[in-house]
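Summary of the model geometry
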Number of protein chains: 2
Amino acid sequence: MSSLQARKQELVRDAIWDAAIELFLVKGFDETTVEDIAAGAGVSRRTFFRYFASKNDLLGQGIMEYAGALRETILACPAGCPATQVVREAVSRVAAQYAAIPRTKQIMRIAELYPAARAAQLSRTAELQELVREAFAGRGMSGVEAGLLAGVTLALLSVIFRAWFAAGATDIGRAVEEGLGTLRRVLGAG
Amino acid sequence: MSSLQARKQELVRDAIWDAAIELFLVKGFDETTVEDIAAGAGVSRRTFFRYFASKNDLLGQGIMEYAGALRETILACPAGCPATQVVREAVSRVAAQYAAIPRTKQIMRIAELYPAARAAQLSRTAELQELVREAFAGRGMSGVEAGLLAGVTLALLSVIFRAWFAAGATDIGRAVEEGLGTLRRVLGAG
DNA sequence: TTGACAATGGCACTCAGTGCCATATAATTC
DNA sequence: GAATTATATGGCACTGAGTGCCATTGTCAA
């Protein structure tokens, strides 16, 4: 399915995304209207909404694109696989994928600058955590286990991205191990 | 500050809240407009926005009312206090407080029924997690530790509320212990 | 080339959210 | 108790988000 239409759609989607990020960084998130973005991308306002459900969706869609991969990774681990191993694989894989998207850093920068943008991203993160919870529950875990592991998984992802964003490059596999180690150590005492 | 004005404000706030919950449960969340709520509370649309920043705020304000208590509990623990103890106290205290609010169950019911309402609540939960993270960081922890503990804390709260909502009453102290135990067990292997 | 199908643009509409100002009600002062 | 000052409210008007509808344009297949 790489027809001319599909490629044009990808082009338009990218144009919208680029125009939006540019404007967010220059004018600010709240000050940029959908109309501005559409104009910047050379497209009508109406068309914008055919690609993105909302202005916030511009920030969240990148996250959600990999929700499926996260879910599959969790469900793909063999039945007897210990929970930490599942978390390890899921976090490593998704972090690596997400870090590879060029727009990720710019989006994190925008979220860092503007509270409304940060709120939009946090909202998506919470949504993603729900999906992860359901995936863990699908592995035959109790609701409590699934909920806690989902929390741990997303917290790890968040911590890793924070480090990755702050320090430039990060060895993601190593960061996951350190995070799990920290968690064990902190929870172990008391 | 329990003047006549203050008591009237409380009255109006409650009237709006009650009207909103009633309408959400009867008409549905998306189908209920701010104008409906204002009319139901016997107040103008403009006045609604003087009490609540948005329709979503009706669902989130209950959560955020206790953000301060959560933060203080975390910061109040003595310096050498182990992290699990901090988490234990924070979760226990806030869970008990939040469970005592009459509207909590109805709001959870609404969030259960309507995706948009659930999204609004999740958004607030994520916001709360940020505050908790900052509180842990304020205890002199590393960013990684703070991020992970905040994730664990909110996951525990979520799990406990889920149980509390499903099963009617729950021994919150016991639930916290079980949650922490589950977490140690699950993370210990592998 | 023609006909089916998808993408786009433009229009109009509802609703959220906000600034502004006039009015009414409470608190304060004399 | 009357006058004055704050504060809460209501109404109005405005911008912007998001959506349904339809005419138009461009793409694909026969």
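Placed above this text is the structure.
The following refers to the structure shown. Source: prediction; values computed, not measured. (Residues numbered from 1 in each chain as written. Chains lettered and ligands numbered in written order. Predicted model: local features only at pLDDT ≥ 70, side-chain atom pairs only at ≥ 80, totals over all residues. Heavy atoms only, no water.)

1. Digging into the protein's contact with DNA strand C
Condition: Each residue is tested against the molecule or strand, and it is near if at least one of its non-hydrogen atoms lies within 4 Å. For this analysis, a polar contact is any N or O atom pair within 3.5 Å, provided that within protein one partner can donate a hydrogen and the other can accept it, and provided that sequence-adjacent residues contribute only side-chain to side-chain pairs. Secondary structure counts use DSSP, requiring at least four H or I residues in a row for a helix and at least two E residues in a row for a strand, with both numbered from the N terminus. Each residue receives one of three labels: charged for Asp, Glu, Lys and Arg, nonpolar for Ala, Val, Leu, Ile, Met, Phe, Trp, Tyr, Cys and Pro, and polar for the others, Gly being one of them.
In the vicinity of DNA strand C lie 22 residues, with Gln9, Thr47, Arg50 and Tyr51 of chain A together with Arg46 of chain B positioned nearest. By atom count, sugar and phosphate contribute 57% of the portion of DNA strand C lying within 4 Å of the protein. Between DNA strand C and the protein, one listed contact pairs a phosphate oxygen with a side-chain N or O atom of Tyr51 of chain A at 2.8 Å. The contact in question runs from a phosphate oxygen of DNA strand C to an N or O atom on the backbone of Gln5 of chain B, over 3.2 Å. Mapped onto the surface near DNA strand C, the elements with two or more residues apiece are helix H1 (4–27) and helix H3 (45–51) of chain A together with helix H1 (4–27) and helix H3 (45–51) of chain B. Per element, the largest residue contribution to the surface near DNA strand C is five residues, and it comes from H3 of chain A. In terms of residue class, the surface near DNA strand C is made up of six nonpolar, eight polar and eight charged.

2. Structural notes on the interface of chain B and chain A
Let me state the cut-off plainly: We call two residues in contact whenever any of their non-hydrogen atoms come within 4.5 Å of each other. Here the quantity called buried area is the accessible surface, traced with a 1.4 Å probe, that two parts lose on coming together, added over both. When a carboxyl oxygen of Asp or Glu is within 4 Å of a side-chain nitrogen of Lys or Arg, the pair counts as a salt bridge.
Taken together, the 34 residues of chain B in the interface contact 34 residues of chain A. Where chain B abuts chain A, roughly 2900 Å² becomes buried across the two surfaces, and 71% of that area is made up of carbon and sulfur atoms. Joining chain B to chain A, the criterion identifies four salt bridges. Applying the counting criterion to the chain B and chain A interface returns four residue pairs in polar contact (both at pLDDT 80 or more). Where the side of chain B that touches chain A is concerned, the elements lending two or more residues are helix H6 (83–100), helix H8 (115–138), helix H9 (143–167) and helix H10 (172–188) of chain B. Residues of the side of chain B that touches chain A, tallied by class, amount to 17 nonpolar, nine polar and eight charged.

3. A closer look at the packing of H1 of chain A against helix H4 (residues 57–64) of chain A
Residue and element names in this part refer to chain A. Definition in use: Axis angles are defined between N-to-C directions and span 0 to 180 degrees, where every axis is a line fitted to C-alpha atoms and, for a helix, only to the segment in contact. An angle below 35 degrees is treated as roughly parallel, one above 145 as roughly antiparallel, one from 65 to 115 as roughly perpendicular, and anything else as oblique. Left-handed is the label given to a crossing in which the near helix is rotated counterclockwise from the far helix by less than a right angle, and right-handed is the label when the rotation is clockwise.
The N-to-C vectors of H1 and H4 enclose an angle of 125 degrees; their axes lie 11 Å apart at closest approach. By the angle between their directions, the pair H1 and H4 is classed as oblique. Of the two possible hands of crossing, H1 and H4 adopt the one that is left-handed. The residues of H4 that touch H1, namely those facing Arg13, Ile16, Trp17, Ala20 and Phe24, are Leu58, Gln61 and Gly62. Grouping the amino acids of the contact of H1 with H4 by side-chain chemistry returns five nonpolar, two polar and one charged.

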